[in-house]
There are 2 protein chains.
Amino acid sequence: MKWEEIDEIIKPLMFDARKKVLQSFSQQLDVQTKSNKNDLVTNMDKAIEKFYIDNLHAKFPKAKILGEESQKDKFEDSTDLFFVIDPIDGTMNFVKQKAHFASMIAVFDHQKPVLGYIMDMTAGELYWGGPSVGVYRNFEKLQAPSNLSLADGLIGMGLPMLLNPNSGMADVARQSSGVRMYGSAGIEFIHVLNGETLGYVSKLHAWDYAAGKILAETLDLTVEAIDGTDINVLSSKVVLVATKNAQKQINEIINA
Amino acid sequence: MKWEEIDEIIKPLMFDARKKVLQSFSQQLDVQTKSNKNDLVTNMDKAIEKFYIDNLHAKFPKAKILGEESQKDKFEDSTDLFFVIDPIDGTMNFVKQKAHFASMIAVFDHQKPVLGYIMDMTAGELYWGGPSVGVYRNFEKLQAPSNLSLADGLIGMGLPMLLNPNSGMADVARQSSGVRMYGSAGIEFIHVLNGETLGYVSKLHAWDYAAGKILAETLDLTVEAIDGTDINVLSSKVVLVATKNAQKQINEIINA
């Protein structure tokens, strides 16, 4: 299937999802916890995931789907289109800030990356693209970020990574220009794509990084599991996205 | 002097400063380091500080001024108007991201707080006000944020605080809903004023917190030096701004 045919279905879906989410700001949210007190899900996460799944199934009946909140098809079994969905990434920010959260869809065909989509939901900026088309912010084509060294750029981190004394991340932080912590993998990936941070490291689920990986690799950034394992199987990993120079330096620090 | 007379001078100055800074995005910046490799100053920091000082001196000839980059009048000697200026707060973000930085002015009269101004420079949102007038985002009056407990909100932190094992901040982080790190005291104060974070803690200079303290206290938030010393003398301190409930809990944790 041509990427254009998939793209013309997904873009309107994501802008419709954005409209629904912005409208929900005036309503009372139903907030529940999942694995721990800071792992939240709301009625809107579920509603947006259902909206994506229903529409994708209608348009692509043979496709399989992995969604954060519900459907858990297996990537390994996929022999056609496969979608990875994070309806609201940064649910804590969505609940507490009504800002700084994203919605993400990744598209694979025969297990090959085709398209990634990250929508900054309050800004209304859609980062999208893939290996066949490049990466765009709405209608503007992005250039690959400069291949910065660790000392010359900011790095995004998840809090548990930074607080884990065995992670080496405190040393990575000290050797960088500074740490930023935005509370949403999607928003962090956007900063890396824009060259505003030179990387981002955090423990992530497949739906947190699937779209960002496709976009980042299209812009010559590296994306890897820092335990050295393969991340194509879309499992939970400590994932590092970074410029190639910073990626080398970070690995030297954490393996020292 | 009536606050309105001061306000009608300062607001246009800050919007003019914003225009100059946005125009500078298309020019090459001259970036230098100060106390360490991540403590930056640019030609624009200096130009905006000079722009503020020249205009404030012209309008208020008897006023004294403390600026981050140049003029260092002493607060203790002030017997008339006293201005505290941070032309560009978050210079690293200004340089690396062209976003997430602020410009700030605090106004004292006979050493009493009168007005605070924090401009989110890329958003063009001016947070301003003081004890006589309340706090506004541009033309919209802000309500005091909910008096959240630590477990119910996000907290902003400076990296050195979080990495210092004697600070107790790792425990504060774990008991909160999560940590955010935006890299600019002004931007962090804005999040607290909006109720998007319940607090912010960092080692700060007078120009980093003078305006934010006036605005935060006007909205019933607490601002204190966490070593228990007085912060009215406008020296460098580890400063905590927080809801009253969170402030109590954070002090219990760091004194435990």
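Residues numbered from 1 in each chain as written. Chains lettered and ligands numbered in written order. Predicted model: local features only at pLDDT ≥ 70, side-chain atom pairs only at ≥ 80, totals over all residues. Heavy atoms only, no water.

If you look chain A up in an unreviewed UniProt entry, it shows as Inositol monophosphatase family protein from Candidatus Ligilactobacillus excrementigallinarum. Annotation of chain A in UniProt includes, under Cofactor (unreviewed entry), the sentence "Mg(2+)". (UniProt positions renumbered as here; feature names shortened; annotations may be inferred.)

Facing 29 residues of chain B, the contacting portion of chain A comprises 29 residues. Together chain B and chain A conceal approximately 2400 Å² of surface at their shared face, both sides included; 53% is due to carbon and sulfur atoms. Taken together, the links from chain B to chain A amount to 0 salt bridges. In this assembly, chain B and chain A are joined by 17 residue pairs in polar contact (both at pLDDT 80 or more). Across the side of chain B that touches chain A, the residue classes break down as 10 nonpolar, 13 polar and 6 charged. (Contact = heavy atoms within 4.5 Å. Buried area = accessible area lost by both parts, 1.4 Å probe. Salt bridge = Lys/Arg side-chain N within 4 Å of Asp/Glu carboxyl O. Polar contact = N/O pair within 3.5 Å; in protein donor to acceptor, adjacent residues only side chain to side chain. Nonpolar A, V, L, I, M, F, W, Y, C, P; charged D, E, K, R; others polar.)

Residue and element names in this part refer to chain A. If you walk through the whole model with that rule in mind, you get 16 salt bridges over all chains. K11 is the salt-bridge partner of D7, the closest N and O atoms lying 2.6 Å from each other. Residue D7 and its partner K11 are located together in helix 1 (residues 3-24), separated by 4 residues, close to a single helical turn. Looking at D7, the relative accessible area reads 8%, which means it is buried. K34 is the salt-bridge partner of E69, the closest N and O atoms lying 3.1 Å from each other. Highlighted residues: E69 in the loop between strand 3 (64-67) and strand 4 (81-89) and K34 in the loop between strand 1 (31-33) and strand 2 (40-42), separated in sequence by 35 residues. Classification of E69 by relative accessible area gives partly exposed; the value is 21%. (Helix = DSSP H or I, 4+ residues; strand = E, 2+ residues; numbered from the N terminus. Buried < 20%, exposed > 50% of the residue type's maximum accessible area, 1.4 Å probe, protein only.)

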